[in-house]
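Here's the letter readout for the chains.
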Amino acid sequence: QQQVKQSPQSLIVQKGGISIINCAYENTAFDYFPWYQQFPGKGPALLIAIRPDVSEKKEGRFTISFNKSAKQFSLHIMDSQPGDSATYFCAATPGNTPLVFGKGTRLSVIA
Amino acid sequence: EPEVTQTPSHQVTQMGQEVILRCVPISNHLYFYWYRQILGQKVEFLVSFYNNEISEKSEIFDDQFSVERPDGSNFTLKIRSTKLEDSAMYFCASSERGPSTDTQYFGPGTRLTVL
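Residues numbered from 1 in each chain as written. Chains lettered and ligands numbered in written order. Predicted model: local features only at pLDDT ≥ 70, side-chain atom pairs only at ≥ 80, totals over all residues. Heavy atoms only, no water.

**A look at the state of the cysteines**
Residues and elements named next belong to chain A.
So, point 1. The final tally for this structure, using the stated rule, is two disulfides over all chains.
So, point 2. With its sulfur 1.8 Å from that of its partner, Cys 23 forms a disulfide with Cys 90. Since a negative S-S torsion denotes a left-handed disulfide, the Cys 23-Cys 90 link at about -95 degrees is left-handed. Of this pair, Cys 23 sits in strand 3 (residues 19-25) while Cys 90 sits in strand 9 (residues 86-92); the two residues are 67 residues apart in sequence, bridging distant segments of the chain. (Disulfide = S-S within 2.5 Å. Helix = DSSP H or I, 4+ residues; strand = E, 2+ residues; numbered from the N terminus.)

Laid out in structure tokens, this is it:
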């Protein structure tokens, strides 16, 4: 119930391509869904977040798509760049409780 | 830009020894967290702290762990008797408001190696 399932585990994308990472959850009480970006040796940094009252949120090249009925949300990185190469974690929380993280996706953007 | 800081960046200890990991949260933040990440795995919640007491803790946070805010700036995680499986990156995080209402800012982490 508390799990967030993330896929794929790793992803290789050509520079300029679209990177898509997916997450699914079971707990319908989750009401906040952030994505974190982590570079090697660094802590996770918030990238973008969404609440279930909207189906999409866009910030620059990063978009979250949210499907409440399917209990899925995804991160799209448009025009992927080598500097986007990092590990991406989806997360969720059912209110005023700590984040539950997915297992992470290692993204490599190659020129 | 304000940031969460953690010391040390790397701690090596012998099994059975006590370690204290230190964090300085962002100054106006009220909620503090510890997470850990075993190499190559997901980030796991350990404990949250608000108003000078533990607000929530996970199954991982057993009796060998404790947290403290000894003064107005530091937030510490103590592991009383380290085990080999405690080897991980430990991240401190803070937020101005609760976890679903505000961004959690993570520190750079402390890599704990238990030999």
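There's plenty left to go through after this.
**Focus: the interface of chain B and chain A**
So, point 1. Taken together, the contact between chain B and chain A spans 20 residues of the former and 20 residues of the latter.
So, point 2. Counting the surface lost from both chain B and chain A, the interface buries some 1600 Å², and carbon and sulfur atoms represent 58% of this.
So, point 3. If you look at where chain B meets chain A, you find two residue pairs in polar contact (both at pLDDT 80 or more).
So, point 4. When contributions to the side of chain B that touches chain A are tallied by element, the ones reaching two or more residues are strand 4 (31-37) and strand 5 (43-50) of chain B. (Contact = heavy atoms within 4.5 Å. Buried area = accessible area lost by both parts, 1.4 Å probe. Polar contact = N/O pair within 3.5 Å; in protein donor to acceptor, adjacent residues only side chain to side chain.)

**A few points about the sheet that holds strand 3 (residues 19-24) of chain B**
Residues and elements named next belong to chain B.
So, point 1. Strands sit in the order 1-3-8-7 across an open sheet of four strands; the sheet is antiparallel. Edge strands, defined here as strands with exactly one partner in the open sheet, are strand 1 (5-7) and strand 7 (65-68). On average, each strand axis in the sheet is inclined to that of its neighbour by 20 degrees, with strand direction left out of account.
So, point 2. As paired strands, strand 7 and strand 8 (residues 75-79) are joined by four bridges and run antiparallel to one another. (Pairing = 2+ DSSP bridges. Axes fitted to C-alpha atoms, helices over the stretch in contact; angles between N-to-C directions.)

**Quick word on the packing of aromatic side chains**
So, point 1. Applying the stated criterion across every chain yields a total of 23 aromatic pairs over all chains.
So, point 2. Taking 5.7 Å as the distance between ring centres and 90 degrees as the angle between the ring planes, the aromatic pair formed by Phe 101 of chain A and Tyr 35 of chain B counts as edge-to-face. Placement of Phe 101 of chain A in strand 10 (residues 100-101) and of Tyr 35 of chain B in strand 4 is noted, with the two residues assigned to different chains. Across the pair, exposure class does not vary: Phe 101 of chain A and Tyr 35 of chain B are buried alike.
So, point 3. Ring pairs connect the aromatic residues Tyr 36, Phe 89 and Phe 101 of chain A together with Tyr 33, Tyr 35, Phe 45, Phe 91 and Phe 106 of chain B, which therefore count as one cluster. (Phe/Tyr/Trp six-rings, centres within 6.5 Å; stacked < 30°, edge-to-face > 60°. Buried < 20%, exposed > 50% of the residue type's maximum accessible area, 1.4 Å probe, protein only.)

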